[in-house]
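A closer look at the structure
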Amino acid sequence: MSAVTTPADVHRLLGGRLHAWRHHLHRHPETAFAEHATADRLATTLQDLGYAVARGVGGTGLVASLTRGDADDDRPSRAVGLRADMDALPIQEVEGREHGSTNPGTMHACGHDGHMTMALGAAAVLAEEGGFTGTVRLVLQPAEEPGRGAQAMVDDGLLQRFPIDVLYGLHNLPGVPAGHLHVRPGGIMASEDNFTITVHGRGGHAARPEAVVDPLVAGAEIVLALQTVVARNVDPVRPAVVSCTGFETDGARNAIPSTVRITGDTRSFDPQVQVLLEERIRGIATGVAAAHGARAEVTYTHEFAPTVNDPEVTARAVAAALAVLGPDRVVADCDPVMPSEDFGVLARHVPACFALLGNGTEPGRGGTPLHSSDYDLNDEILPAGVAFLVQAVRAELPEP
């Protein structure tokens, strides 16, 4: 492996640029497919670093490329991709931060500002220090939160127009010590499927329950019955989650409703488990409703693919992380996590590794859960993420 760039080296090389980049991005958040100013800022910064930037890939996405050295005839030039997500969330940020959001109702509550900053930092170190022969591509993806941006870039010819041999991604992880990297071969983040169950009954006066077909009672029984799907249908060694997250009726206080709408989602890693979950949700909903004399309609959609790490790429990622962070800060076979990530779509097309970087354990100091208006990214993790990404690229590409 080539010379090591440590987090301390990143501090020395980048100075206050990481801090300035991250705070600017946090002040100016934009939601899915509306990341116009964000994309402009990133494109300008990358062009100033010497990258060739293609705009408008998959809507507002960017691909920035830098090629160094000449490949041998017997060793074709390789391209390594570093992917970061650009979109923010429709959440109102709490007041009091010097670098707080200036866009009311929008904030970087999932740390994408930090992901972009780490990608920029890696791009800067690689451009200024070199140490590789081949091509580095930054894939700046829109619309990760709704799970639509990766597919939009693929549909726009991302991998045909900008070939990539291996792809890396990085996401911050609250609840893990700052700067500690967790990764594993195989599934690391789950799929997400959404379901809606609409129970149709016959409403009426609350004083005449014998004259109605009560969809509320049927719906309540469906919610309870769905709790058995994982417990009594899924192999215990295969992770899965079924969550009901909404229950709405069209009734009034003194009227039994005619319709109940149940919403929720499922998480899993195995396509066979995904099929099983859908089958059981449909069967339980229709069966329970019928037992009450009601009727159930079920819609079931696949929102996020599971994120599955290539074992060989992950092994090289672990070696890179150990080189820059040390064995006390790297977990090479972490437990998978059940949230979903749009990176999973890209990992279906390219050998890839997605890693999780801890940003603290204390509330208010990196330990606040994601998608929270109290969430903040601890700046001390940024050099660790940059150092890992730089070393991952150099591990994939030959030295000059």
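Just above, that's the structure.
Residues numbered from 1 in each chain as written. Predicted model: local features only at pLDDT ≥ 70, side-chain atom pairs only at ≥ 80, totals over all residues. Heavy atoms only, no water.

1. Quick look at helix α1 (residues 7-14)
Among the residues of α1, Pro7, Val10, Leu13 and Leu14 are the ones counted as buried. Down the axis of α1, the sector holding all buried residues measures 115°, keeping them to one side. Opposite the buried face of α1, at more than 90 degrees from it, the exposed residues are Ala8, His11 and Arg12. Of the surrounding secondary structure, the elements contacted by the buried residues of α1 are α2 (17-27), α4 (112-129), α10 (311-325) and α12 (381-396). Just downstream of α1 lies Gly15, where phi reads positive at about 55°. (Buried < 20%, exposed > 50% of the residue type's maximum accessible area, 1.4 Å probe, protein only. Helix = DSSP H or I, 4+ residues; strand = E, 2+ residues; numbered from the N terminus. Arc of directions from axis to C-beta. Contact = heavy atoms within 4.5 Å.)

2. Focus: the sheet that holds strand β1 (residues 52-57)
Spatially, the eight strands line up as an open sheet ordered β1-β2-β4-β3-β5-β16-β6-β15, and their pairing is mixed. Two strands close off the open sheet at either side, each with one partner strand: β1 and β15 (330-331). Where strand β6 (residues 181-182) and strand β16 (residues 352-358) come together, two bridges link them in antiparallel fashion. Across the sheet, the residue bridging to His182 is Leu356, located in β16. Contacts between helix α3 (residues 36-48) and the sheet are confined to β1, β2 (61-68) and β4 (134-141), with β1 contributing the most and set at about 165° to the helix. (Pairing = 2+ DSSP bridges. Axes fitted to C-alpha atoms, helices over the stretch in contact; angles between N-to-C directions.)

3. Considerations on the pairing of strand β3 (residues 79-85)
Most of β3 is tucked away, with seven of its seven residues classed as buried. Covered by surrounding structure in β3 are Ala79, Gly81, Arg83 and Asp85 together with Val80, Leu82 and Ala84, the residues of both alternating faces. In terms of strand pairing, β3 meets β4 through seven bridges, oriented parallel. The residue of β4 that forms the bridge with Ala84 is Leu140. Since β3 and β4 lie parallel, the crossover through α4 that links them has a hand, and here it is right-handed. Pairing of β3 with strand β5 (residues 166-173) involves four bridges; the strand directions are parallel. Paired with Leu82 across the strands is Tyr168, a residue of β5. (Right-handed = clockwise from strand over helix to strand, strands pointing away.)

4. Some remarks on α2
Given 3.6 residues per helical turn, the α-helix brings residues three or four places apart onto the same face. For α2, the complete set of buried residues consists of Leu18, Trp21, Arg22, His23, Leu25 and His26. The inward-facing, buried residues of α2 abut α1, α3, α4 and α12.

5. Focus: the pattern of salt bridges
By the definition in use, this model includes 19 salt bridges. Residue Arg78 pairs with Glu396 through a salt bridge whose shortest N-O separation is 2.8 Å. Of this pair, Arg78 sits in the loop between β2 and β3 while Glu396 sits in helix α12, placing them 318 residues apart in sequence. (Salt bridge = Lys/Arg side-chain N within 4 Å of Asp/Glu carboxyl O.)

6. Describing the environment of Glu248
Topologically, Glu248 is positioned in strand β10 (residues 240-249). For the pair formed by Glu248 and Ile262, sequence separation is 14 residues and the distance between their alpha carbons is 6.6 Å. Ignoring anything within four residues of it in the chain, the contact list for Glu248 reads Thr259, Val260 and Arg261.

7. Quick notes on the packing of aromatic side chains
Enumeration according to the criterion identifies two aromatic pairs in this entry. Measuring from ring centre to ring centre gives 6.4 Å for Tyr168 and Phe388, while their planes differ by 85°; the resulting arrangement is edge-to-face. Of this pair, Tyr168 sits in strand β5 while Phe388 sits in helix α12; the two residues are 220 residues apart in sequence, bridging distant segments of the chain. Owing to a relative accessible area of 1%, Tyr168 belongs among the buried residues under this scheme. Note on Phe343 and Phe354: the rings are 4.8 Å apart at their centroids and 40° apart in plane angle, and the pair reads as tilted. Of this pair, Phe343 sits in helix α11 (residues 343-347) while Phe354 sits in strand β16; the two residues are eleven residues apart in sequence, bridging distant segments of the chain. Assigned by exposure class, Phe343 and Phe354 land together as buried. (Phe/Tyr/Trp six-rings, centres within 6.5 Å; stacked < 30°, edge-to-face > 60°.)

Read these as spatial facts, not as claims about activity.
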